Amino acid sequence: MDLRYWLPRAAEVAERWGERFGPYTPHPVNAVDEAQFAAAFERFAKRLEHNYPFFHPRYAGQMVKPPHPAALVGYLAAMRFNPNNHAYEGGPATSDMERECVAALAAMFGLPAHVGHLTSSGTIANLEALYVARQSHPGRGVAYSAQAHYTHARMCHVLGVQGHAVAADAAGRMDVGALEELLRTGRVGTVVATCGTTGPGAVDPVHEVLALARRYGARVHVDAAYGGFFALLGRDGAQAAALGLDPAPWQAIGACDSVTVDPHKHGLQPYGCGAVLFADPAIGRHFAHDSPYTYFTDAELHLGEISLECSRAGASAAALWLTLQLLPLTADGLGRVLATGRRTALRWAELIDDCEELTLNQAPQLDIVTYFPTPRAGAATLSAVDAAADRVLRAGMADGEDPVYLSLLRVDAADLTRRHPRLAADADGARVLRSVLIKPEAEQWLPRLHARVAALAAEAVASDAGSDACADRAAAFENVPDALPSVAEESPR
Ligand SMILES: *Cc1c(COP(=O)(O)O)cnc(C)c1O
């Protein structure tokens, strides 16, 4: 897609449509001085350079990438109308698009019926699901894995609901034995299962959680903010097998009570696009309210009547809708994009297993790989792992010639040592390296990425050896990125 062609076209849509309402005089108070704006834009563009290259495969850190060009064009075109999907008359076109997108998301999960909407984020989507959980089972708490997103505990606090963290197994999945013990107390009304934890991308056994929850009369909410779009691949047995995914959790989502998914993660959308779906349309009663301003054009339940939020960008729905015209929610559509990350994660895990400099923290369950520099035999401690991971991160970013951008994940001592008994627990945890392979380009870049990270790991571990020379090298790693001497400073004066 050539954005130089499509961005001006997108900007024209509202203008062409607006002409039918006849000319009017713009107020001078809105006049913009071109020269003044040009100067401001210059400063602004410069400011934006203070960023990380999320678009480039050298960036293999957090779960972020630029939106799809279709999303950009859709957002810009719709934003010029500035529709508000709070109520139908706030933006009829984009409200219809939102309903179609939400129906497509529900079909992706196999929900037989649904009510739902887009939200500004996964956090708000989860808040809404937990709000419905509280209204459905007053006085009972919410259980989530100890590895679940931190906002579940926060939102339980906001809602005045007791939150219960359930232990995770060695793979970072909710321990169903521990869950059953908790359910037996009768204190839990809703269990949150996570499909793709934000750290290592672990997938809770939704099918087992669901069976247990039903036995104890509890609801199940699936937090698939990160991993949800993998349902495109995971629900189909053959697709799942080809990519080493267990289909059972993905197939169980359709029988759960609610699900959160973030189109602004794997759905190629700009930030500001989460979604919450409920299996039972009758939950709309928990949102009943009476607004004196709105609701006069649509007999159906308004999107604003089933949402905790009021104003929501219609442009978000427009961007998602236009993207889904190109990449529908099928294994052959958006699924092909997700499959690249999964393949790359599996391949990298193999490379790391065959590589002395790096150790795999745990087998990737989706497209997130966690690993650490292999410590020297005599110094295999958590603090050595932590220090070396930190050095790799910094040295990778500071290298002006061949930079690489990773992220860190903090892991508890118990979790790390049960996976790696050779590590001595001299601290209560350690940070390991983490790469979210969310961009298809990571697939072609993988040999370079692996070689670069392995070399940095070797240097980081060598610099930990304690000699003066190594300590100097370690110190050099600390002085990043600003303190790197420039060529001019090094040349004699
Ligand atoms: C990202 C994420 C969230 C939070 O979503 P935001 O859109 O960042 O608010 C919640 N749960 C999981 C599993 C996530 O990955």
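The model shown is predicted, which means the values in this text are computed figures rather than measured ones. (Residues numbered from 1 in each chain as written. Predicted model: local features only at pLDDT ≥ 70, side-chain atom pairs only at ≥ 80, totals over all residues. Heavy atoms only, no water.)

Peer 1: How do you make sense of the overall build of the chain when you look at a structure like this?
Peer 2: Along its length, the chain carries 18 helices and eleven strands. Taken over the C-alpha trace, the chain has a radius of gyration of 25 Å; the compact-globule value for 493 residues is 23 Å, and the two agree within 12%. Dimensions of the chain along its principal axes, counting C-alpha atoms only, are 75 × 70 × 45 Å. Going through the 493 residues of the chain one by one, you find that 52% of them count as buried. Across the chain, every contact between residues at least 6 apart in sequence was considered, and the portion connecting residues at least 24 apart equals 73%. Within the structure as shown, the chain displays about 22,800 Å² of accessible surface, and the carbon and sulfur contribution to it stands at 55%. With 42 positive and 56 negative side-chain charges, the chain shows a separation of 2 Å between the mean positions of the two kinds. (Helix = DSSP H or I, 4+ residues; strand = E, 2+ residues; numbered from the N terminus. Rg over C-alpha atoms; globule rule 2.2 N^0.38 Å. Buried < 20%, exposed > 50% of the residue type's maximum accessible area, 1.4 Å probe, protein only. Contact = heavy atoms within 4.5 Å. Areas by Shrake-Rupley, 256 points an atom, 1.4 Å probe, with all protein chains shown as cover. Lys, Arg positive; Asp, Glu negative; His and termini not counted. Charge placed at Lys NZ, Arg CZ, Asp CG, Glu CD.)

Peer 1: Just to check I follow, could you spell out the packing of aromatic side chains for this structure?
Peer 2: Two aromatic rings, taken as a pair, are described by how far apart their centres are and by the angle between their planes. Inspection of every chain in the model, using the stated rule, returns nine aromatic pairs. Judged by centre distance (5.0 Å) and plane angle (50 degrees), the ring pair of Trp-17 and Phe-81 falls under tilted. In this pair, Trp-17 sits in helix 1 (residues 3-18) while Phe-81 sits in the loop between helix 3 (69-79) and helix 4 (92-109), placing the two residues 64 residues apart along the sequence. Under the relative-accessibility criterion, Trp-17 is labelled partly exposed at 39%. Ring geometry for Tyr-59 against Tyr-405: centres 6.2 Å apart, planes inclined by 25 degrees, an arrangement best described as stacked. Of this pair, Tyr-59 sits in the loop between helix 2 (34-48) and helix 3 while Tyr-405 sits in the loop between helix 14 (382-398) and strand 10 (407-412); the two residues are 346 residues apart in sequence, bridging distant segments of the chain. Look at Tyr-59 and you get buried, because its relative accessible area is 8%. For Tyr-405, a relative accessible area of 13% gives the class buried. Linked through ring pairs, Tyr-52, Phe-54, Tyr-59 and Tyr-405 together constitute an aromatic cluster. (Phe/Tyr/Trp six-rings, centres within 6.5 Å; stacked < 30°, edge-to-face > 60°.)

Peer 1: For this particular structure, what's the right way to read unusual backbone geometry?
Peer 2: If a residue is not glycine, its phi is most likely negative; likewise, a peptide bond is most likely trans. One non-glycine residue, Asn-82, lies in positive phi territory at about 50 degrees. Along the polypeptide, Asn-82 turns up in the loop between helix 3 and helix 4. Classification of Asn-82 by relative accessible area gives exposed; the value is 61%. Despite not being glycine, Leu-268 shows a phi value in the positive range, around 70 degrees. Checked against the element boundaries, Leu-268 lands in the loop between strand 6 (258-261) and strand 7 (274-278).

Peer 1: Just to check I follow, could you spell out the site of the ligand for this structure?
Peer 2: The full set close to the ligand counts 14 residues, and Thr-123, Asp-223, Asp-262, His-264 and Lys-265 are the nearest of them. Within the side chain of Thr-123, an N or O atom sits 2.5 Å from an oxygen atom of the ligand. One of the side-chain nitrogen or oxygen atoms of Lys-265 is found 2.9 Å away from an oxygen atom of the ligand. Relative to its unbound accessible surface of 380 Å², the ligand loses 88% to contact with the protein. Taken together, the residues of the shell around the ligand break down into two nonpolar, nine polar and three charged. (Near = heavy atom within 4 Å. Polar contact = N/O pair within 3.5 Å; in protein donor to acceptor, adjacent residues only side chain to side chain. Nonpolar A, V, L, I, M, F, W, Y, C, P; charged D, E, K, R; others polar.)

Peer 1: Looking at this model, I keep getting lost on the domain arrangement of the chain. Mind explaining?
Peer 2: Frequently, the measure chosen for interface size is the accessible area that the parts lose on association. As assigned here, the chain comprises domain 1 (74-287 + 296-326) and domain 2 (335-489). Computed from C-alpha coordinates alone, the two centres of domain 1 and domain 2 are separated by 32 Å. Contacts between domain 1 and domain 2 engage 26 residues on the former and 19 residues on the latter. Taken over both partners, the interface formed by domain 1 and domain 2 buries close to 1,900 Å², and the fraction arising from carbon and sulfur atoms is 63%. Inspection of the region where domain 1 meets domain 2 yields zero salt bridges. By residue class, the composition of the side of domain 1 that touches domain 2 is 14 nonpolar, nine polar and three charged. (Domains from an automatic or database assignment. Buried area = accessible area lost by both parts, 1.4 Å probe. Salt bridge = Lys/Arg side-chain N within 4 Å of Asp/Glu carboxyl O.)

Peer 1: So what exactly am I meant to see when it comes to helix 16 (residues 442-462) here?
Peer 2: At 3.6 residues per turn, the α-helix brings residues three or four places apart onto the same side. Taking 1.5 Å of rise per residue, 21 residues should cover 30 Å, and helix 16 covers 28 Å from first to last C-alpha, within 8% of that figure. Bending of helix 16 peaks at approximately 35 degrees at the position of Arg-448. On the buried face of helix 16, the contacting elements are helix 13 (334-353), strand 8 (358-362), strand 9 (368-373) and helix 14. (Expected span 1.5 Å × (residues − 1). Bend = angle between axes of the 7 residues up to and from the residue.)

Peer 1: Honestly, the sheet that holds strand 11 (residues 429-436) in this entry has me stumped. Any pointers?
Peer 2: Pairing between the strands of a sheet is mediated by backbone hydrogen bonds and can be parallel or antiparallel. Within the open sheet, the four strands sit side by side as 8-9-11-10. Their pairing is antiparallel. The sheet terminates laterally at strand 8 and strand 10, the two strands that pair on one side only. The sheet shows a mean angle of 45 degrees between the axes of neighbouring strands, direction not considered. The strands touched by helix 14 within the sheet are strand 9, strand 10 and strand 11, with strand 11 carrying the most contacts at an inclination of about 35 degrees. Running at roughly 105 degrees to strand 8, helix 16 makes contact with strand 8 and strand 9 of the sheet. (Pairing = 2+ DSSP bridges. Axes fitted to C-alpha atoms, helices over the stretch in contact; angles between N-to-C directions.)

Peer 1: Mind showing me how you'd approach the pairing of strand 8 here?
Peer 2: Where a strand is regular, its side chains alternate between the two sheet faces. In terms of residue burial, strand 8 counts as a mostly covered element, since five of its five residues are buried. Here strand 8 pairs with strand 9 via four bridges, running antiparallel. Opposite Gln-362, over in strand 9, you have Thr-370 as the bridge partner.

Peer 1: Got a minute to help me understand the pairing of strand 3 (residues 163-166) in this structure?
Peer 2: Along strand 3, the buried face is formed by His-164 and Val-166; none of Gly-163 and Ala-165, which line the opposite face, is buried. Of the strand pairs in this sheet, strand 2 (residues 141-145) and strand 3 are connected by four bridges, and their pairing is parallel. Note that in strand 3 the partner of Val-142 across the bridge is Gly-163.

Peer 1: Looking at this structure, I do not really get helix 8 (residues 206-215). What am I missing?
Peer 2: By the burial criterion, the buried members of helix 8 are Val-206, Val-209, Leu-210, Leu-212 and Ala-213. The secondary structure elements touched by the buried residues of helix 8 are helix 7 (176-184), strand 4 (188-194), strand 5 (219-224) and helix 11 (247-252). Residue Gly-217 follows helix 8 closely and has a positive phi angle near 65 degrees.

Peer 1: Which parts of the structure should I look at to understand the nonpolar core?
Peer 2: As a rule of thumb, nonpolar side chains are buried together in soluble globular proteins. In this structure, Leu-105, Phe-109, Leu-179, Val-191, Val-222 and Leu-334 are the most contacted members of the largest nonpolar core, which totals 61 residues. Mapping this core onto the domain boundaries places at least three of its residues in each of domain 1 (74-287 + 296-326) and domain 2 (335-489). Membership of the second largest hydrophobic core comes to 30 residues, among which are Leu-351, Tyr-371, Ala-388 and Ala-395. (Core = buried A, V, L, I, M, F, W, Y, C linked by side-chain atoms within 4.5 Å.)

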